[in-house]
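Structural overview for review
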There are 2 protein chains.
Amino acid sequence: MGKRIMIVGGVAGGASVAARARRLDESAEIIMFEKGPHVSFSNCALPFHLSGIVENSEKLVLMSPEVFKAQYNIEARTNSEVVKINRVKKTITVKDLISGNEYEEAYDKLVLSPGANPIMPKIPGHDSPHVFTVRNVVDIDKLNKYIKNNGVREVSVIGGGFIGIEVAENLRMAGLNVTLVEAMNQVMAPFDYDMAQILHKEMIDHGVNLIVSDGIEKIYDDHIELQSGRQFPAQAVVMAIGVRPETSLAVDAGLEIGETGGIKVDHNYLTSDGDIYAVGDAIEVHHRITRQKTRLTLAGPAQRQARAAANHMYGIPNRNTGVIGSSVVRVFDLNAASTGLNEKTAKKAGIDYDFVYVIPGDKVGLMPDSNPLHFKLLFEVPTGRILGAQAIGKGNVDKRIDVIATMIMMDGTLEDLQELELCYSPLFGTAKDVVNYAALVGMNILNGRFKQVPVTKVRELVANNAVIIDVREKREYEAGHIINAVNIPLSQFRERMNEIPADVPVYLHCRSSQRSYNALMALQNSGYKNACNISGSFLGLCLYEYYNDKVNNRKKIVTEYNFR
Amino acid sequence: MGKRIMIVGGVAGGASVAARARRLDESAEIIMFEKGPHVSFSNCALPFHLSGIVENSEKLVLMSPEVFKAQYNIEARTNSEVVKINRVKKTITVKDLISGNEYEEAYDKLVLSPGANPIMPKIPGHDSPHVFTVRNVVDIDKLNKYIKNNGVREVSVIGGGFIGIEVAENLRMAGLNVTLVEAMNQVMAPFDYDMAQILHKEMIDHGVNLIVSDGIEKIYDDHIELQSGRQFPAQAVVMAIGVRPETSLAVDAGLEIGETGGIKVDHNYLTSDGDIYAVGDAIEVHHRITRQKTRLTLAGPAQRQARAAANHMYGIPNRNTGVIGSSVVRVFDLNAASTGLNEKTAKKAGIDYDFVYVIPGDKVGLMPDSNPLHFKLLFEVPTGRILGAQAIGKGNVDKRIDVIATMIMMDGTLEDLQELELCYSPLFGTAKDVVNYAALVGMNILNGRFKQVPVTKVRELVANNAVIIDVREKREYEAGHIINAVNIPLSQFRERMNEIPADVPVYLHCRSSQRSYNALMALQNSGYKNACNISGSFLGLCLYEYYNDKVNNRKKIVTEYNFR
């Protein structure tokens, strides 16, 4: 008789452990217990049912218990909740949620892959029938049917993380009026505040009623009330403020819980009990860059953890490279991807960093679908080690972030990045790819070849009457420019250089920083010591200021926004 | 007075040297000499004028001499051929192609960036007015106008490399009848023979009359004749059989030429003359993996070489990482990208390698635009170092190849690749990306966990009456299968395992290898020693056999092709 491998949870992590264990051992008895009615569904695809991209919710279920049994000889018991771990006896107590019966199953190895639960704040109205969370196929089906059957037109989504954004987007695509409420001052925490503004603009451009820096206070039958007192109509409310690792079973069994609230595991995803593994959203993981403990609710790492746990059961050594947190999300016409650290997380980890924000075209400019690619690259000072990146644009942004993720995993530096030889054709990119270009700029900064200020500081510069020089051509300047900026086009720059004061700091910009970089080098090589480039330039500035100006009725610091 | 930097050639490499030198030195006198009427045009975008993707040929010119002068203080002299280098005097002799006058210019540093010339075989008819090459804007304009003005319907393209393929594709998109002739047995040398078959099928599916293993013999006014004697109508002929580095100036000046016929350069792209640099298509470069000299006509490396040459003039140290050859091309509805070595080049370099050919979906299967991604990964034996990859599919194949290119540049191994944490969302990929998956399979092969045969060997297996087991479900088998293959669906595999002979080799396959891998592990873990996986499986086999069967009237080894 083979090993008895019992698995709590039958989705990403659980199903992967089961499949890997079967490949390693024909004789093992493998049983997955899943509380819900489905195993092996695509969590990440749930929101796409709301717009009809995934038309039939049954398609979200990737494999039935019958197929698991027939193809893998794996037993998948749905509607079966593991309610207790009896570590001394090495059994689990399972409750059949249909019959209500409880029974025990013995294990040689137990794997916990219970996932994480949506957080539901206990505010008035949270238990109303029109309040939903999105964790599984049943949830999304219920929400979708409720909307359809009740002729819902107004939905509020609470929380601007991955799930909140994707739910809001898909509901909007289905033609509903959507209010999205986020308690922080920005959506999508993996992005820095400056980059998040681009996503804010995209959402309001697509008709989402976006509210940041405000929280939900009360849910009424037909509207919601926020902490600020503002009210918005809502015939349905989706709560997506975050998830909490499902650790109750582990806690009850006396397994060690980590500092972050996730189940503590070792190199091989073994818990504090030598026969119990834990993988997926419920565990605490090691961050490769910060070297701190963290939690991560991503499918890719969960699958690797699952494989590693199964390997360890069979004596196959694992390599644990830690996590870096790579992700991508579509926000209407934009794709937004990120990896590694951002400014917020780098600061929190106490890592000395600097960054580059460049906006080259994602393809050769003369190609019809060339679009600006917003790219922010963080690197460590003084080593130049790549720490992370954020990319937003209409095109292939995940490609660039995957390259950066690869560099981070390989401990790459700016010097490595600038030399990368990537695929090029005008249909796919530019000969000097944005990642090469960002590395070159980063090297210049690291080597002190030039100084830069971020777009986030321009308002202050304007307020202080700083000398701002716009090196774009005249017609570009006239179409919209920073208030008080002086226009000295690059094409007249050398003959008019003497107009630029040498004794005070001057701040240069163009549309995307490329021309202003050339102007800056010309200035410096002519003896100017106080010139500084505005990283992100006019395009980045307009995107950075737009949303805030609009919602907060702020005074514009540009004569006209220009987003091209 | 600053340095006098004279540059021969004003396109990719030349223009990049000029711009970089200007950023490093305000006082330098920088002059680019270009034989043709344009500097700084997009070579790589030329073919897209033929289909109208780039409607106006003037758009192909990125920057005029006037803009170079105004924005960068760089002089660009067009229609100016440098006819001689006078190394002792440190001057060049320039011929003004408009006036015919010759004059000399002194240099402190000279940069050669003359590019490469299309090879024109001296066959009968090669000098007819309806025979074209594609090197610059004038060429493409001439070809396009000739086609339009003469009502050309039938075009022959000679050569199946990047230019030939792109010209053929764009002409076909413009509605013309196109014959593409390639002397080798496959188009697109960066791909192995097996992968190239997928491109062959795509071209014939889109109505290109594709001829391989045949060469051009004679060009008549209205048709061509091949070496085989076959004739095809051709009112216009595009010669794209390859390019030859433009080294005449260097040879005349006594500069050293390398073993590959390109100009010999050192670490900093300095020629055998300490004041003369050479960059771009005319030089010989160091291959990072084979450590051999090679030539490469790609824009990305040319730009890096240009920057390095300018840096060296100003004492800035360079890092020379060699080249690996990353490229991407669109072939109708398919994208095809590759990097590093393929089987042919690995063999030639005497590198011991093995490879993985997998065909997972490029996105989560339930997403509407999920498509098979054909991915071939080469690794070194026994180190597992990544040597190269080829990817073909409808989606984002360049992303995967860029990740592999990054791994190669960082000296990554299969072990590194399997652990990469890449972005995932169902719209963009799968939780276990194809590169992770390929690495896992590669590790299994490297560790001897299972054996595989490539799709290229299946015809031989069939001929020898080998035991082939198709583990797909019955309805898949019935829709098309390998002749003589036995159908034991994975869902019945364990109960019917006893039907499989244990004493002779058996070859397993499914659609894409995923199910057959599970079946194979079940067999091995049940004591079978002679089981082998067919890598590429049924889908890969159908694509591999299709074109060859069709054009060579070969006996099919499948009952029906299936390409889904």
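For the structure given in this document, a descriptive report is provided here. None of these values were measured; they are calculated from a predicted model.

1. Details of the packing of aromatic side chains
- Applying the stated rule across the entire model yields 14 aromatic pairs over all chains.
- Between Tyr546(B) and Tyr561(B), the aromatic rings sit 5.1 Å apart at their centres with planes inclined by 80°, giving edge-to-face as the arrangement. With Tyr546(B) in helix H16 (residues 537-552) and Tyr561(B) in the segment after H16, this residue pair connects regions lying 15 residues apart in the sequence.
- In textbook terms, an aromatic cluster arises when at least three aromatic residues are bridged by ring pairs, as seen for Tyr546(A), Tyr561(A) and Phe563(A).
- Between Lys376(A) and the ring centre of Phe355(A), over which it is positioned, the NZ or CZ distance is 4.4 Å.

2. Focus on the relation of the copies chain B and chain A
- Of the transformation superimposing chain B on chain A, the axial component is 0.0 Å and the angular component is 180°, with the fit at an RMSD of 0.0 Å. What the superposition gives is, in effect, a two-fold axis relating one chain to the other. Relative to the rotation axis, the C-alpha of Lys399(B) is the closest in chain B, positioned 2.3 Å from it.
- A symmetric contact is evident, with 100% of the interface residues of chain B recurring at the interface of chain A.

3. Focus on the interface of chain B and chain A
- Listed per partner, the contact involves 90 residues of chain B and 90 residues of chain A.
- Summed over both partners, the interface of chain B with chain A buries about 7,600 Å², with 57% contributed by carbon and sulfur atoms.
- Looking at the side of chain B facing chain A, the largest losses of area belong to Arg23(B), Leu366(B) and Glu421(B), adding up to 11% of the total buried there.
- Taken together, chain B and chain A are joined by 8 salt bridges.
- Our count for the contact surface shared by chain B and chain A stands at 27 residue pairs in polar contact (both at pLDDT 80 or more).
- Considered class by class, the residues forming the side of chain B that touches chain A number 44 nonpolar, 22 polar and 24 charged.

4. A few points about the pairing of strand S30 (residues 531-535) of chain B
All names here are of chain B.
- Where burial is concerned, most of S30 is hidden: 5 out of the 5 residues are buried.
- Pairing geometry for strand S26 (residues 451-454) and S30, over 4 bridges, is parallel. Pairing of Val453 across the sheet is with Ile534, part of S30.
- Bridge count between strand S29 (residues 506-509) and S30: 3 bridges; the pairing is parallel.

5. Thoughts on the sheet that holds strand S5 (residues 91-96) of chain A
All names here are of chain A.
- Strand order in the open sheet made by the 3 strands is S4-S5-S6, with antiparallel pairing throughout. What marks the edges here is a single partner per strand, and that holds for strand S4 (80-86) and strand S6 (102-106). Each strand axis lies, on average, 30° off the axis of its neighbour in the sheet, ignoring direction.

6. Structural notes on the sheet that holds strand S22 (residues 334-340) of chain A
Residue and element names in this part refer to chain A.
- Pairing is antiparallel in the open sheet, where 5 strands are placed in the order S21-S22-S25-S24-S23. Of all strands in the sheet, those bounded by a partner on one side alone are strand S21 (327-331) and strand S23 (353-358). With direction set aside, neighbouring strand axes in the sheet form an average angle of 10°.
- Judged from the 5 bridges that link them, S21 and S22 form a sheet pairing that is antiparallel. Pairing of Arg330 across the sheet is with Asn335, part of S22.
- In the packing of helix H9 (residues 397-409) onto the sheet, contacts are made with S21, S22, strand S24 (373-380) and strand S25 (386-393), and the angle to S25 comes to roughly 175°.

Rules behind the numbers
- Residues numbered from 1 in each chain as written.
- Chains lettered and ligands numbered in written order.
- Predicted model: local features only at pLDDT ≥ 70, side-chain atom pairs only at ≥ 80, totals over all residues.
- Heavy atoms only, no water.
- Phe/Tyr/Trp six-rings, centres within 6.5 Å; stacked < 30°, edge-to-face > 60°.
- Helix = DSSP H or I, 4+ residues; strand = E, 2+ residues; numbered from the N terminus.
- Lys NZ or Arg CZ within 6 Å of the ring centre and 35° of its normal.
- Least-squares fit on C-alpha atoms with pLDDT ≥ 70 in both.
- Contact = heavy atoms within 4.5 Å.
- Buried area = accessible area lost by both parts, 1.4 Å probe.
- Salt bridge = Lys/Arg side-chain N within 4 Å of Asp/Glu carboxyl O.
- Polar contact = N/O pair within 3.5 Å; in protein donor to acceptor, adjacent residues only side chain to side chain.
- Nonpolar A, V, L, I, M, F, W, Y, C, P; charged D, E, K, R; others polar.
- Buried < 20%, exposed > 50% of the residue type's maximum accessible area, 1.4 Å probe, protein only.
- Pairing = 2+ DSSP bridges.
- Axes fitted to C-alpha atoms, helices over the stretch in contact; angles between N-to-C directions.

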